[in-house]
Amino acid sequence: MTLSDSSPGTITHHPLPIGGESESETDAADLMAILLGRPAWHADACCREHPEICWHPLPGYSTRAAKAICGRCLVADECLQYALADPDLTGLWAGTSWRERRRIRAQQDQENSR
């Protein structure tokens, strides 16, 4: 995971290295993903191609660009399931915020208790 300051009040999240790396950099990224316990689908996530997007916006900052990218991601379903399984996970995952995922989990819990 690479974190970098993009503008005041934001952190850009880039889960895995993007294209253009050397083979050794890619191997290192694959090893780091394994060590961090990252699922294989992370390699296909659209967010890895957009380091300029703020994936962990502070309150009041727009999430529109990030959600648009998530909306066309091929692994959004896997990403959402991953994010729903970890209530402490912050940032945007599958186009959902922490609060949105909290609501989804509550709704699922309510449906499961019926």
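As a starting point, this report considers the structure included with it. (Residues numbered from 1 in each chain as written. Predicted model: local features only at pLDDT ≥ 70, side-chain atom pairs only at ≥ 80, totals over all residues. Heavy atoms only, no water.)

Here we look at the pattern of salt bridges
Stage number 1. The final tally for this structure, using the stated rule, is 1 salt bridge.
Stage number 2. Salt-bridge contacts for Glu100 lead to Lys67; the nearest nitrogen and oxygen are separated by 2.9 Å. Within this pair, whereas Glu100 is found in helix H4 (residues 98-112), its partner Lys67 is found in helix H2 (residues 64-71), the two being separated by 33 residues in sequence.
Stage number 3. The class of Lys67 is partly exposed, set by a relative accessible area of 27%. (Salt bridge = Lys/Arg side-chain N within 4 Å of Asp/Glu carboxyl O. Helix = DSSP H or I, 4+ residues; strand = E, 2+ residues; numbered from the N terminus. Buried < 20%, exposed > 50% of the residue type's maximum accessible area, 1.4 Å probe, protein only.)

Brief notes about H2
Stage number 1. Residues of H2 that are buried include every one of Ala66, Ile69 and Cys70, and no others. Across the axial projection of H2, the buried residues extend over an arc of 100 degrees, all falling on one side. Looking at H2, the residues exposed on the side facing more than 90 degrees away from the buried face are Arg64 and Gly71.
Stage number 2. In this structure, the buried residues of H2 make contact with helix H3 (76-85). (Arc of directions from axis to C-beta. Contact = heavy atoms within 4.5 Å.)

Section: unusual backbone geometry
Stage number 1. Phi is positive for Ala94, which is not a glycine, with a value near 55 degrees.
Stage number 2. Looking at the element boundaries, Ala94 is found in the loop between H3 and H4.

Side note on the environment of Ala66
Stage number 1. Mapped onto the elements of the fold, Ala66 is located in helix H2.
Stage number 2. Judged by relative accessible area, which is 2%, Ala66 ranks as buried.
Stage number 3. Taking C-alpha positions, Ala66 is 9.5 Å from His56, a pair spaced 10 residues apart along the chain.
Stage number 4. With residues up to four places along the chain from it excluded, the contact list for Ala66 reads Ile53, Cys54, Trp55 and Leu92.

Things to note about the packing of aromatic side chains
Stage number 1. Applying the stated criterion across every chain yields a total of 2 aromatic pairs.
Stage number 2. Taking 5.5 Å as the distance between ring centres and 80 degrees as the angle between the ring planes, the aromatic pair formed by Trp41 and Tyr82 counts as edge-to-face. Note that Trp41 is positioned in the loop between helix H1 (23-35) and strand S3 (56-57) and Tyr82 in helix H3, a separation of 41 residues in sequence.
Stage number 3. Where Tyr82 meets Trp93, the ring centres are 5.5 Å apart and the plane angle is 40 degrees; that geometry is what we call tilted. In this pair, Tyr82 is assigned in helix H3 and Trp93 in the loop between H3 and H4, connecting sequence segments 11 residues apart.
Stage number 4. Given a relative accessible area of 9%, Trp93 falls into the buried group. (Phe/Tyr/Trp six-rings, centres within 6.5 Å; stacked < 30°, edge-to-face > 60°.)

Concerning the environment of Leu80
Stage number 1. Residue position: Leu80 is located in helix H3.
Stage number 2. Distance from Leu80 to Ala94, taken between C-alpha atoms, is 5.1 Å for residues 14 residues apart in sequence.

These values are about where atoms sit, not about what they do.
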